[in-house]
Amino acid sequence: MQGLDDLYREVILDHYRTPHGADVLEDPAVKVEGFNPLCGDELLMEISVDDSGRISGLHIQPNGCSISVASASMLAQQLAGKTVEEAVALKETFKSVMRGEPWPEGQDFGDLEALEGVKNFPVRIKCALLAWMTLEQALAEYDPALAAQVEADDDIEVKTH
Amino acid sequence: MTPETEAAAPPTPIDVARVRQDFPILSREVHGKPLVYLDNSATTQRPESVIDAMSNFYRTANANVHRGVHRLSEEATDAYEGARNKVAAFINADSARSIIFTRNTTEAVNLVAHGWARRHLRQGDEVLLTVMEHHSNLVPWQMLAQERGCKLRFLDIDESGHLQLDHLDEVLNEHTRLVALTHVSNVLGTTNAIPTIACAAHSVGAKVFVDGAQGVPHGPVDVQALDCDFYAYSPHKALGPLGIGVLWGRRDVLEEMDPFLGGGEMIRDVTLERSTWAAVPHKFEAGTPSVADAVGLGASIDYLENLGMAAIRQHEVKINEYLLPKLRELPWLTVYGPKDPHGRCGLASFNDNQIHAHDLGTILDQHGIAIRAGHHCAKPLMRRLGVMATARASFYIYNDLDEVDLLIEALIEARKVFGLAT
């Protein structure tokens, strides 16, 4: 079926089967838990940042549907080695794409672009956003100057440790 | 549902093709496919007769009730009170005066929590619930227990999805003031042995509240035979309108209860300083009631009684007898709840061992099949089952065996979408 093929692309299913970010971190800088009470999806996220401000480690333990797991896995894949600023920028881009904006031109977003099909399934957009809303809170935990970028969400809750 | 008596003649089977003609929504398509509506435990669809009854009320008899001396108000009052009489007969209440209209089952639970439990529960008292309760029959008691310093206890289920009645005496004692439990589980389909539990509860002096949201739609209910003190249900789960609920209570218990909401309709006299309350049931129905919904409820009872609740029960057993083995034939599925097709209402909760329930819900929706996926407002039960969510297909009078086949085909198709073995 056309709609389903667009949603469940092979790359998404690959991430669902073997998600990135499985490796446990020693002494992470931040640890947060994202939670979508509407569907019960949960996600634990731990981040390590090195002295140069780069994300040196990302551990994600997602518990949810294929879309939320794949989205979390792609987040882990894309952000490894990125600076905190780059992470904020990618998170903003992804959120705007889920809200209907096109991908910015001239940039390659890799596997993440496969999640665009979720836009045609409005009730599933929150599934794709869970990891990124969790990241938003995690970054604010790491750098309080980033607290202003945290958007309140009616559904998704993020708890810090 | 009351246990079927052996001697009764078998009911006339439901003519599904004919029934379907009465439901306008069933002719629509979803994603280019005929709608297969299997989310009946959330809410059923309405027959034309219910829609017409409500529409006719607004067209021909609309007025506020219980206060006008004009003709329309009289007719509206008759229609509203007529619906109360129908409900009373439908669930074999002792009197129509013991039927209270609420917004839904949840409001009925809150009404009992405020009107009865707040008055009678003290610190150290206990409320016995079960692990299979819908949040509606759990959260109000948590709030009350916190306010009153009461203790909540829980009856667990066994591996087959039945309440562990042999452990009842461990959780029921002289401190138990109330036993509140569901008649039928909205996840497992389990029909609970209400008379047995009510007898034990009464022996320690506890009252019994039964959440009948999944009981009334699926078979004959006789609140007196169940031997409970309160019984609540949501007519929208049995062909009735959204927005009206029913609470039945034993007359003597209702009489000594405090009102729930204060305002118009529920008073006998009002001075600037104080008020006295109207007689039961009006004492519990503050404000203008949903008259058209009551009229629609009456029409839905007419429709159900025309088919016969025993026939509906038989139809659901027939669905179960076909559905449950078909689901169990799929080796990647876990099916929850009792194995006996007679011991459950016409629903099945299940999980694919590789595909999350939400993904199943999306894939089935593309086939025009509406199921429920999630925690079903029973998160403690999800935890008890060790899952985050389940998929649930719930059937009703307009669903037939061919729709079971469509469900099974779609579940196999979902495996293909995910590139999994079938």
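Every chain's residues receive numbers from 1 upward, in the order its sequence appears when written. Whichever chain is written first is A, and whichever ligand is written first is 1; the rest continue in order. In keeping with the predicted nature of the model, local features appear solely for residues at pLDDT of at least 70, side-chain atom pairs appear and are counted solely at 80 or more, and the whole-chain, interface and lining totals rest on all residues.

### Quick look at the overall build of chain B
For chain B, the count of helices and strands is 14 helices and 17 strands. Principal-axis analysis of the C-alpha atoms places the extent of chain B at approximately 75 × 55 × 45 Å. In chain B, of all internal contacts separated by at least 6 residues, the share reaching a separation of at least 24 is 71%. Think of it this way: any DSSP run of H or I at least four residues long counts as a helix, any run of E at least two long counts as a strand, and we number them from the N terminus. Note on contacts: each residue gets a C-beta atom placed from the backbone, and two residues are in contact if those atoms are within 7 Å.

### Quick look at unusual backbone geometry
Residues and elements named next belong to chain B. The amide bond that connects Val280 to the next residue, Pro281, takes the cis arrangement and shows omega of 10 degrees. In this fold, Pro281 is placed in the loop between strand E12 (275-277) and helix H10 (291-307). Notably, His376 is not glycine yet its phi reads approximately 55 degrees, a positive angle. Tracing the sequence through the fold places His376 in the loop between strand E16 (372-374) and helix H13 (379-385). Judged by the 24 C-beta atoms lying within 10 Å of it, His376 is buried. If you check the backbone angles, Cys377 has positive phi at about 55 degrees while not being a glycine. Structurally, the position occupied by Cys377 is in the loop between E16 and H13. Counts of 20 or more other C-beta atoms within 10 Å of a residue's own C-beta define buried residues, counts of 12 or fewer define exposed ones, and intermediate counts define partly exposed ones; C-beta atoms are placed from the backbone.

### A word on the environment of Gly262(B)
Residue and element names in this part refer to chain B. Mapped onto the secondary structure, Gly262 falls in the loop between helix H9 (251-255) and strand E11 (267-270). Assessed through the 12 C-beta atoms surrounding it within 10 Å, Gly262 is described here as exposed. With 25 residues separating them in the primary sequence, Gly262 and Gly287 have C-alpha atoms 8.2 Å apart.

### Details of the environment of Ile408(B)
Residue and element names in this part refer to chain B. With respect to the element layout, Ile408 can be found in helix H14 (residues 401-417). Residue class for Ile408 comes out partly exposed when judged on the 17 C-beta atoms lying within 10 Å of it. Sequence-wise, Ile408 and Leu327 are 81 residues apart; in three dimensions their C-alpha atoms are separated by 7.1 Å.

### Some thoughts on the domain arrangement of chain B
Residue and element names in this part refer to chain B. When its domains are assigned, chain B resolves into domain 1 (16-30 + 308-417) and domain 2 (50-305). Where a domain begins and ends is set by an automatic assignment or by a domain database. Here the C-alpha centroids of domain 1 and domain 2 sit 28 Å apart. At the junction of the two partners, domain 1 supplies 24 residues and domain 2 supplies 24 residues. When contributions to the side of domain 1 that touches domain 2 are tallied by element, the ones reaching two or more residues are helix H11 (309-328), strand E14 (347-352), H13 and strand E17 (390-394). Sort the elements by how many residues they give to the side of domain 1 that touches domain 2 and H11 lands first, with five residues. Each residue gets one label: Ala, Val, Leu, Ile, Met, Phe, Trp, Tyr, Cys and Pro are nonpolar, Asp, Glu, Lys and Arg are charged, and the others, such as Gly, are polar. Tallied by class, residues from the side of domain 1 that touches domain 2 come to 11 nonpolar, seven polar and six charged.

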